[in-house]
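Fold and geometry: a report
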Amino acid sequence: MSSETSPQSPERKPRVAVVFGGRSSEHAISVVTAGAVLRAIDRAKYDVLPIGITTDGRWALTADDPERMTIADRSLPSVEQLTDAADGGVLLPVTPASREVVYTEPGAVPKALGEVDVVFPVLHGPYGEDGTLQGMLELAGIPYVGAGVLASAVGQDKEYMKRVFTSFGLPVGPYVVIRPREWENDQAAARKKIVDFAGEHGWPLFVKPARAGSSMGITKVDDLSGLDEAIAEARRHDPKILVESLLRGREIECGVLEFEDGPRASVPAEIPPVSAHDFYDFEAKYIDSASGIVPAPLSEEETRRVQELAVRAFDAASCEGLVRADFFLTEDGEFVINEINTMPGFTPISMYPRMWQETGVEYPELVDRLVQAALRRSTGLR
């Protein structure tokens, strides 16, 4: 199936639906990201329709109020705080024949909200960044910002992400996966699998959900005594868990952005050790505003190598639009890719926009380039 982008009439600006929130544990960060996008998008160039997805999965018409979409006094925002109607819902089209968005309330006549030309999905984690929303938009024939179904799914599942990278010759660190059935059928055997991994690669280990982001549910485990608690915390976010060995070295990130002539890499950034935190966890990123170093203090050769690896990772996973690629620069001078993020945070302190700003692409231009790239693409096979 394919759908060509319909030509715009001269009097109508392209309409961008910014979709945010969602059912994942990264709901609040998605709201903060959406606030930053809404603040930056060029209203003279685009009409904007904010659509929030509540934590229980209801699509809601929300206030276009970026000032309420921030972390204030360590309090996280939500879609529920931005919508007045408890029962009203937004319906996207389900066929390529129409791009009309409809608002419904119980006992009321559905209200047409007009056509949408492109969706900017700033959802993080499952039920939005993992290919589920992208598949729905493909069926509806609506262009959207960012990775397609396959790349979104690969980018969300850290196990298959690493398998793809390995198949393309990209270096990854040691890891082991515990699938839901393994843990549910025989916890002792699953635990032994992790202990054997630690025996081979050493402690500490990082136990994390296989399909989550924003450092949610990750625990650094120094010895066997903390393992069960770490597994429980990871499984609270995802029944499938990933266990990684500690890679000693520097944390380096690099942004990739799709230009008209293909993907390009930004200047890299470095995430320095955070003294108040064991590692770069959720609180360090978003609550305590730990800051990275942009650009990273690397040699010209190191910068060239990490940029090349970032673009190779983008291509290996068949990404589109944007990616943030995260690496370790090990003590022996080798770059090891940790993961990619197909919809990285766009909060004011997020590394992806900061890296591109240092590269020469300011935030409003970054948003505009992503929207324009989506408008150039058709849906379906491409």
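Look above for the structure.
Residues numbered from 1 in each chain as written. Predicted model: local features only at pLDDT ≥ 70, side-chain atom pairs only at ≥ 80, totals over all residues. Heavy atoms only, no water.

**Let's talk about empty space enclosed by the protein**
- Applying the stated criterion across every chain yields a total of four cavities of 30 Å³ or more.
- Its boundaries defined by the atoms lining it, the second largest cavity holds a volume of some 70 Å³.
- Every residue along the wall of the second largest cavity is listed here: Glu129, Gly155, Gln156, Lys158, Ala212, Gly213, Glu339, Ile340 and Asn341.
- It is strand β17 (residues 335-341) that provides the largest number of residues to the lining of the second largest cavity, a total of three residues.
- Residues belonging to the lining of the second largest cavity are distributed by class as follows: two nonpolar, four polar and three charged. (1 Å grid on protein atoms, 1.4 Å probe; cavity = no way out; pocket = protein on both sides within 12 Å on 5 of 7 lines; lining within 4 Å. Points joined across faces, edges and corners; volume = space filled by probe spheres on them. Helix = DSSP H or I, 4+ residues; strand = E, 2+ residues; numbered from the N terminus. Nonpolar A, V, L, I, M, F, W, Y, C, P; charged D, E, K, R; others polar.)

**Observations regarding the packing of aromatic side chains**
- In total, this model carries five aromatic pairs according to the counting rule given.
- Centroid distance Phe259 to Trp356: 5.9 Å. Interplanar angle 50°. Geometry classified as tilted. Linking Phe259 in strand β13 (residues 249-259) with Trp356 in helix α10 (residues 351-359), this pair joins segments that are 97 residues apart in sequence.
- For Phe259, a relative accessible area of 7% gives the class buried.
- One aromatic cluster is present, built from ring pairs that chain together Phe120, Phe346, Tyr352 and Tyr363.
- We note Arg23 situated over the ring of Tyr127; from NZ or CZ to the ring centre the distance is 4.0 Å.
- Note that Arg264 overlies the ring of Phe259, its terminal NZ or CZ placed 4.0 Å from the centroid. (Phe/Tyr/Trp six-rings, centres within 6.5 Å; stacked < 30°, edge-to-face > 60°. Buried < 20%, exposed > 50% of the residue type's maximum accessible area, 1.4 Å probe, protein only. Lys NZ or Arg CZ within 6 Å of the ring centre and 35° of its normal.)

**Side note on the sheet that holds strand β10 (residues 205-209)**
- Spatial ordering of the open sheet is given by β9-β12-β10-β11, a layout of four strands whose pairing is antiparallel. In this open sheet, the two edge strands, each paired with only one partner strand, are β9 (175-178) and β11 (219-221). On average, each strand axis in the sheet is inclined to that of its neighbour by 25°, with strand direction left out of account.
- Looking at chain direction, β10 and β11 are connected through three bridges and run antiparallel. Bridging across to β11, Leu205 finds its partner in Val221.
- Across the sheet, helix α7 (residues 227-237) lies against β10, β11 and β12 (241-245), angled at about 25° from β10, the strand it touches most. (Pairing = 2+ DSSP bridges. Axes fitted to C-alpha atoms, helices over the stretch in contact; angles between N-to-C directions. Contact = heavy atoms within 4.5 Å.)

**Let's talk about helix α2 (residues 132-140)**
- Turning to α2, its buried residues number three or more, namely Leu133, Gln134, Leu137, Glu138 and Ala140. One side of α2 carries all its buried residues, which in axial view fall inside an arc of 165°.
- Where α2 is buried, its residues meet β4 (59-61), β8 (118-121), α3 (149-156) and β18 (379-380). (Arc of directions from axis to C-beta.)

**Side note on the pattern of salt bridges**
- Tallying each qualifying case throughout the model produces 32 salt bridges.
- A salt bridge links Asp228 to Arg191; the shortest N-O distance between them is 2.8 Å. With a gap of 37 residues between them, Asp228 in helix α7 and Arg191 in helix α6 (residues 187-201) connect regions that are remote in the sequence.
- Judged by its relative accessible area of 40%, Asp228 falls in the partly exposed class.
- The class for Arg191 is partly exposed, based on a relative accessible area of 22%. (Salt bridge = Lys/Arg side-chain N within 4 Å of Asp/Glu carboxyl O.)

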